[in-house]
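The residues making up each chain are set out below.
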Amino acid sequence: MTHSPAANALHLVSIGRASEALAILRSAGDRGDVDAIMQLAVWHLAGDVVARDLVQARALLARAVSIGHVDAALMEIALTANGSGGTPDWPGAVSLLRTAARADPVALGQLTLLDAMAIDAAGAPTALPVPETLSETPDVIRFPRLLTAAECAHLAGVAAAMLEPARVIDPRTGRWIAHPIRTSDGTAIGPAREDLVVRAINRRIAAASGTDIGQGEPLTVLRYRPGQQYRLHLDTIQDAANQRVATVLVYLNEGYGGGETHFPAGNLTITPRGGDAIVFRTLTTDGAIDQSSRHAGLPVTHGAKWLATRWIRADPIDPWTIS
Ligand SMILES: O=C(O)CCC(=O)C(=O)O
Ligand SMILES: [Fe+2]
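What you see is a predicted model, and the numbers here were worked out from it, not measured in a lab.

Calculation rules
Residues numbered from 1 in each chain as written. Chains lettered and ligands numbered in written order. Predicted model: local features only at pLDDT ≥ 70, side-chain atom pairs only at ≥ 80, totals over all residues. Heavy atoms only, no water. Helix = DSSP H or I, 4+ residues; strand = E, 2+ residues; numbered from the N terminus. Rg over C-alpha atoms; globule rule 2.2 N^0.38 Å. Buried < 20%, exposed > 50% of the residue type's maximum accessible area, 1.4 Å probe, protein only. Contact = heavy atoms within 4.5 Å. Areas by Shrake-Rupley, 256 points an atom, 1.4 Å probe, with all protein chains shown as cover. Lys, Arg positive; Asp, Glu negative; His and termini not counted. Charge placed at Lys NZ, Arg CZ, Asp CG, Glu CD. Donors = N, O, S within 2.8 Å, 3.2 Å for Na, K, Ca; no water. Salt bridge = Lys/Arg side-chain N within 4 Å of Asp/Glu carboxyl O.

**A short note on the overall build of the protein**
Stage number 1. Of regular secondary structure, the protein possesses nine helices and 16 strands.
Stage number 2. Expected size for 323 residues packed as a compact globule is a radius of gyration near 20 Å; at 21 Å, the protein falls within 12% of this value.
Stage number 3. Dimensions of the protein along its principal axes, counting C-alpha atoms only, are 65 × 50 × 40 Å.
Stage number 4. Here the protein holds 323 residues, and the buried ones make up 51% of them.
Stage number 5. A separation of at least 24 residues holds for 69% of the contacts in the protein among residues at least 6 apart in sequence.
Stage number 6. Element-wise, carbon and sulfur atoms account for 54% of the exposed surface of the protein, whose accessible area totals about 14900 Å².
Stage number 7. Positive and negative side-chain charges of the protein, numbering 28 and 32 respectively, have mean locations separated by a distance of 4 Å.

Here it is, written out as structure tokens:
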């Protein structure tokens, strides 16, 4: 065998020989092969090949970190902060980040952004911009410059490598087809990639919307290029047991044409400005779907529009079972 155990294992999985792959990784891991340990950790996180086991994943990651795996260290920091496979520990995560930042420029970049934030010892914001009401029906408010330009760039950077065209499964054929409503590229920043900057931003979004961070779906980043749009829609999910009650949109850049967010019922058209956030409620005060919250992201005419969206549920969700 000329390839590494991790590469061999991935190949075996791709041809349907998962149990052999697992055996190879386990024995390589026992010999201290750090890439094998990391791959096993990722499978335990994703519930890929093995059943999802966050506690086991954390133990594997800790082993990879002790051998000096930089990506394992970054992932461990994210999971420490958001409490995956343990209890959320913000101070512990920050101290791990400070250690990592001594040797790793990626960690140092995150620490620099974090140190510039107005947050308390638990990572919660100590101040928010004063919001302005844009509309009563629908209920839309705006926080001017909720994020700095550097924070916006960080979100776009985290998402950039993971962007995929919006698709849905065609109920008639079972095949993936272009999404009929949304034509942008996008990705969700899941819990394994929720670095401390993203975590602190998610907390700020929670504070701005008066919700708990645990109610938010993984932050989604969308990129619209010319002609791309998000056609008129409601953010609520038909018959959901744990309904989406609010949405926060953060415009990550400016300087493109078009791309306004439009609420026809309120005759409201919002011109995106980098760092601005809008918060709107998707249910009426009696808990029904608020039809006036129907909205669209109008087509971009030139340049690229970057947006972060956080859909917020009525109750806390498990970020590992929602994608
Ligand atoms: O692109 C926009 O302005 C709207 C995005 C949107 O509706 C959403 O993310 O749910
Ligand atoms: Fe929407």
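**A word on the coordination of the iron ion (ligand 2)**
Stage number 1. For the iron ion (ligand 2), the protein coordination sphere consists of His 233 (NE2), Asp 235 (OD) and His 295 (NE2), at 2.0 to 2.1 Å.
Stage number 2. As a motif over one chain, the donors of the iron ion (ligand 2) read H-x1-D-x59-H.
Stage number 3. Asp 235 sits in the buried class, given a relative accessible area of 3%.

**A closer look at unusual backbone geometry**
Stage number 1. The amide bond that connects Thr 137 to the next residue, Pro 138, takes the cis arrangement and shows omega of 0°.
Stage number 2. With respect to the secondary-structure elements, Pro 138 resides in the loop between strand S1 (132-135) and strand S2 (140-143).
Stage number 3. Although it is not a glycine, Val 49 adopts a positive phi angle of roughly 70°.
Stage number 4. For Asn 267, which is not a glycine, the phi torsion comes out positive at approximately 50°.
Stage number 5. Within the fold, Asn 267 resides in the loop between strand S11 (261-263) and strand S12 (268-270).

**Overview of the pattern of salt bridges**
Stage number 1. Across all of its chains, the model carries 12 salt bridges by this definition.
Stage number 2. As a salt-bridge pair, Arg 223 and Asp 185 come within 2.8 Å of each other at their nearest N and O atoms. One end of the pair, Arg 223, is in strand S7 (residues 219-224); the other, Asp 185, is in strand S6 (residues 185-189), with 38 residues separating them in the sequence.
Stage number 3. Residue Asp 185 is classed as buried on the basis of its relative accessible area, which comes to 9%.
Stage number 4. Glu 217 serves as the salt-bridge partner of Arg 244, at 2.7 Å between the closest nitrogen and oxygen.

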